[in-house]
Amino acid sequence: MYKPFTKNIFEAALRSGTASEILKGLNENLHYAFEFQPGAGEADFAQALAEVLRSEPLILLHVDLDMVTGPEHLAKTISRAAVGGFSGDIKKIGSMLKKLIPTVGAKIVMGKTETPYIDFEYGTDAMKLLGNLLNAPEMMGMEVDRRSVILWKGFGRIKGILGDEGLRIFIEKTRGHAITSHVMTGNGIAAVAGKIQGRMQNQVRVIDASSLTPKNSVLDYIRSEFQSAKLDIPEKLVPEIHELADGLIEQIQRLGKSILQVYSGGGRLTADTLDAAVEKITRN
């Protein structure tokens with residue numbers, strides 16, 4: 001059963017032609033930095049874009065930095081994303097391991113229900129290990145003659161995770177990639193993202209993510225979600241919801257769900273319903 005205000009608004013944005021533009025750029029060795037305000041739907045965008053990229057003849061490593069705690073943790077996260085990029089092909093993963101990290105105690109862990117992943121012994125030189133693993137997408141692409149893409153969600157945390165020395169290694173490695181593109185999402189990421197382009201001018205395309213969801217599209221989204229819930233909403237309330245949420249997708253979704261929770265039924269939604277929904281959010 002469809003639950004209103006869970007729809008990914010960026011699926012439509014990508015279908016509008018944005019996806020083909022991004023793919024064209026990736027095939028021309030460009031990188032992308034999508035600047036998101038907090039609450040503007042970064043997670044939904046990363047999910048929608050990952051689905052697009054998985055359907056293309058690319059190797060995709062989807063790395064979520066939001067919960068990564070440091071260089072060792074990042075190394076494990078990248079390694080698991082690499083397994084996903086090779087669709088769990090143990091032979092190819094093993095070959096890549098031997099080439100990248102011949103002296104590190106690494107093993108492939110075969111879970112009963114989860115995708116196989118690479119595990120490392122803690123206590124190794126995390127920066128050296130990470131530097132080697134940053135070359136994994138490039139080697140994976142060469143292995144099967146395809147371009148690779150790393151989708152970095154939460155890229156605004158990269159410097160805090162790596163520190164100055166780790167960030168220097170990251171920039172050095174990514175600048176040297178020939179068949180790997182980096183797609184970064186996050187808040188305040190333009191300066192660091194721009195450093196990976198090296199001497200190739202305009203290789204990193206910085207995009208204000210709000211351009212993906214112009215106001216009219218967001219208003220249509222609000223209307224359609226209430227229609228999906230089979231609820232009649234007065235037109236004047238649609239822009240009010242947008243304004244109350246500052247146009248931020250995650251806040252609109254939260255407010256929309258709250259409206260549905262406080263709605264008592266028996267007619268159209270009203271301004272009183274909206275007020276009650278805002279009060280419910282404020283109390284929580």
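These numbers were taken from a predicted model, which means no experiment stands behind them.

1. Thoughts on the overall build of the chain
Argument step 1. On a plain count of helices and strands, the chain comes out with 12 helices and 7 strands.
Argument step 2. Here the chain holds 284 residues, and the buried ones make up 49% of them.
Argument step 3. Taking the intrachain contacts of the chain between residues at least 6 apart in sequence as the baseline, contacts between residues at least 24 apart amount to 73%.
Argument step 4. Approximately 14,400 Å² of the chain is accessible, and the part contributed by carbon and sulfur atoms is 48%.

2. A word on the packing of aromatic side chains
Argument step 1. In total, this model carries 9 aromatic pairs according to the counting rule given.
Argument step 2. With 6.0 Å between their ring centres and 70° between their planes, Phe-10 and Phe-36 make a pair best called edge-to-face. Of this pair, Phe-10 sits in helix α1 (residues 9-27) while Phe-36 is found in the loop between β1 (31-35) and α2 (42-54), placing the two residues 26 residues apart along the sequence.
Argument step 3. Taken together, a centroid distance of 5.5 Å and an interplanar angle of 75° make the contact between Trp-152 and Phe-170 edge-to-face. Placement of the pair is Trp-152 in strand β5 (residues 147-153) and Phe-170 in helix α7 (residues 158-175), with a sequence separation of 18 residues.

3. Concerning helix α3 (residues 71-85)
Argument step 1. A rise of 1.5 Å per residue sets the reference length of α3, with its 15 residues, at 21 Å; its end C-alpha atoms lie 21 Å apart and thus fit the reference within 8%.
Argument step 2. All of the buried residues along α3 are Leu-74, Ala-75, Lys-76, Thr-77, Ile-78, Ser-79, Ala-81, Ala-82, Val-83 and Gly-85.

4. Let's talk about the sheet that holds strand β6 (residues 180-186)
Argument step 1. As summarised here, the arrangement of the 5 strands in space is β2-β5-β6-β1-β7, forming an open sheet in which the pairing is parallel. Each end of this open sheet is capped by a strand with a single partner; those strands are β2 (58-64) and β7 (204-208). Taking each pair of neighbouring strands and ignoring which way they run, the sheet shows an average axis angle of 15°.
Argument step 2. Note: β1 against β6, 4 bridges, orientation parallel. Bridge pairing in β6 places Ala-33 opposite Met-184.

5. Side note on the packing of helix α9 (residues 215-228) against helix α10 (residues 237-244)
Argument step 1. Taken N-terminus to C-terminus, the directions of α9 and α10 make an angle of 115°; their axes are 10 Å apart at the nearest point. The crossing of α9 and α10 is right-handed. When α9 is examined against α10, the residues Lys-215, Val-218, Leu-219, Ile-222, Arg-223 and Phe-226 are found in contact with a partner set consisting of Val-238, Pro-239, Ile-241 and His-242.
Argument step 2. Tallied by class, the residues present in the contact of α9 with α10 amount to 7 nonpolar, 1 polar and 2 charged.

6. Brief notes about the packing of helix α11 (residues 249-262) against helix α12 (residues 271-283)
Argument step 1. As a packed pair, α11 and α12 sit with axes 8 Å apart at the nearest point and diverge in direction by 110°. In terms of orientation, α11 and α12 fall into the roughly perpendicular class. Crossing handedness for the pair α11 and α12: right-handed. Residues Arg-254, Leu-255, Ser-258, Ile-259, Gln-261 and Val-262 of α11 touch α12, and the partners they reach there are Thr-273, Leu-274, Ala-276, Ala-277, Val-278, Lys-280 and Ile-281.
Argument step 2. Considering only residue class, the contact of α11 with α12 consists of 8 nonpolar, 3 polar and 2 charged.

7. Some points on the pattern of salt bridges
Argument step 1. On inspection of all chains with the given rule, the structure shows 10 salt bridges.
Argument step 2. Two residues, Glu-172 and Arg-168, come together in a salt bridge whose shortest N-O distance is 3.1 Å. With Glu-172 and Arg-168 both in helix α7 and 4 residues apart, the pair spans about one turn of that helix.
Argument step 3. Among the salt bridges present, the one from Arg-283 reaches Glu-279, with a minimum N-O distance of 3.5 Å. Here Arg-283 and its partner Glu-279 are both found in helix α12, 4 residues apart, which amounts to about one turn of the helix.

8. With respect to unusual backbone geometry
Argument step 1. One non-glycine residue, Asn-29, lies in the positive phi region at around 70°.
Argument step 2. Structurally, the position occupied by Asn-29 is in the loop between α1 and β1.
Argument step 3. One non-glycine residue with positive phi stands out, namely Asp-145, at about 55°.
Argument step 4. With respect to the helices and strands, Asp-145 occurs in the loop between α6 (136-144) and β5.
Argument step 5. Assessed through its relative accessible area of 73%, Asp-145 is described here as exposed.

Rules behind the numbers
Residues numbered from 1 in each chain as written. Predicted model: local features only at pLDDT ≥ 70, side-chain atom pairs only at ≥ 80, totals over all residues. Heavy atoms only, no water. Helix = DSSP H or I, 4+ residues; strand = E, 2+ residues; numbered from the N terminus. Buried < 20%, exposed > 50% of the residue type's maximum accessible area, 1.4 Å probe, protein only. Contact = heavy atoms within 4.5 Å. Areas by Shrake-Rupley, 256 points an atom, 1.4 Å probe, with all protein chains shown as cover. Phe/Tyr/Trp six-rings, centres within 6.5 Å; stacked < 30°, edge-to-face > 60°. Expected span 1.5 Å × (residues − 1). Pairing = 2+ DSSP bridges. Axes fitted to C-alpha atoms, helices over the stretch in contact; angles between N-to-C directions. Left-handed = near helix turned anticlockwise from the far one by under 90°. Nonpolar A, V, L, I, M, F, W, Y, C, P; charged D, E, K, R; others polar. Parallel < 35°, antiparallel > 145°, perpendicular 65-115°, else oblique. Salt bridge = Lys/Arg side-chain N within 4 Å of Asp/Glu carboxyl O.

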